[in-house]
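A look at the structure
Okay, here's what each chain looks like letter by letter:
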Amino acid sequence: MSELLRDYLTVVIFVLVAVALVGGVLYLGSFLRPRKPSFQKYIPYESGVDPVGDGWSQSQIRYYVFALLFVMFDVEAVFIFPWATQLEVYGGFGLLEMGFFVFVLLLGLIYAWRKGVLRWV
């Protein structure tokens, strides 16, 4: 067995043991927890206030777009960090590629800014 496969096998075994431990603890907890169902336990509870009206409400789309932009620029760090740690290996070509990547992200930010997506209110 090659060294690479052995490393992956170690990770797979570790993940399987972790999943088995979590599953075992949850299964054991189902036997140990008290079971006293009542109507009051199934009522939605929010910040100490009894629920009034319908639980469904429509949110504005700008909150979702704002969250999507946050995720997009947060994921950018996932790509930039490994590049920054290996900058000497990539040399000038890697610098040019990362510059292009950041430029495309900057264009997306400018587009979102001009469309007014970044305005919270």
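The notes below deal with the structure included here. This one's a predicted model, so the numbers in the text were calculated from it and none came from an experiment. (Residues numbered from 1 in each chain as written. Predicted model: local features only at pLDDT ≥ 70, side-chain atom pairs only at ≥ 80, totals over all residues. Heavy atoms only, no water.)

Our next topic: the environment of Phe66. Its location among the elements puts Phe66 in helix H2 (residues 61–85). Aside from chain neighbours lying at most four places away, what touches Phe66 is Val117, Leu118 and Trp120. (Helix = DSSP H or I, 4+ residues; strand = E, 2+ residues; numbered from the N terminus. Contact = heavy atoms within 4.5 Å.)

Spacing of three or four residues puts side chains on the same side of an α-helix, whose turn is 3.6 residues. The end-to-end C-alpha distance of helix H1 (residues 3–32) is 43 Å, a good match for the 44 Å that 30 residues give at a rise of 1.5 Å each. Among the 30 residues that make up H1, one are buried, leaving the element largely open to the surroundings. (Expected span 1.5 Å × (residues − 1). Buried < 20%, exposed > 50% of the residue type's maximum accessible area, 1.4 Å probe, protein only.)

Attention shifts here to the packing of aromatic side chains. For the structure on display, the rule yields two aromatic pairs. Centre to centre, the rings of Tyr27 and Phe31 are 5.0 Å apart; their planes meet at 85°, and the pair counts as edge-to-face. One end of the pair is Tyr27 and the other is Phe31, both in helix H1 and four residues apart, which spans about a single turn. According to the relative accessible area criterion, Phe31 is exposed, its value standing at 53%. Measuring from centroid to centroid gives 5.9 Å for Phe79 and Phe101, while their planes differ by 70°, and the two rings are edge-to-face. With Phe79 in helix H2 and Phe101 in helix H3 (residues 87–115), the pair connects residues that are 22 residues apart, well separated along the chain. Assessed through its relative accessible area of 48%, Phe79 is described here as partly exposed. (Phe/Tyr/Trp six-rings, centres within 6.5 Å; stacked < 30°, edge-to-face > 60°.)

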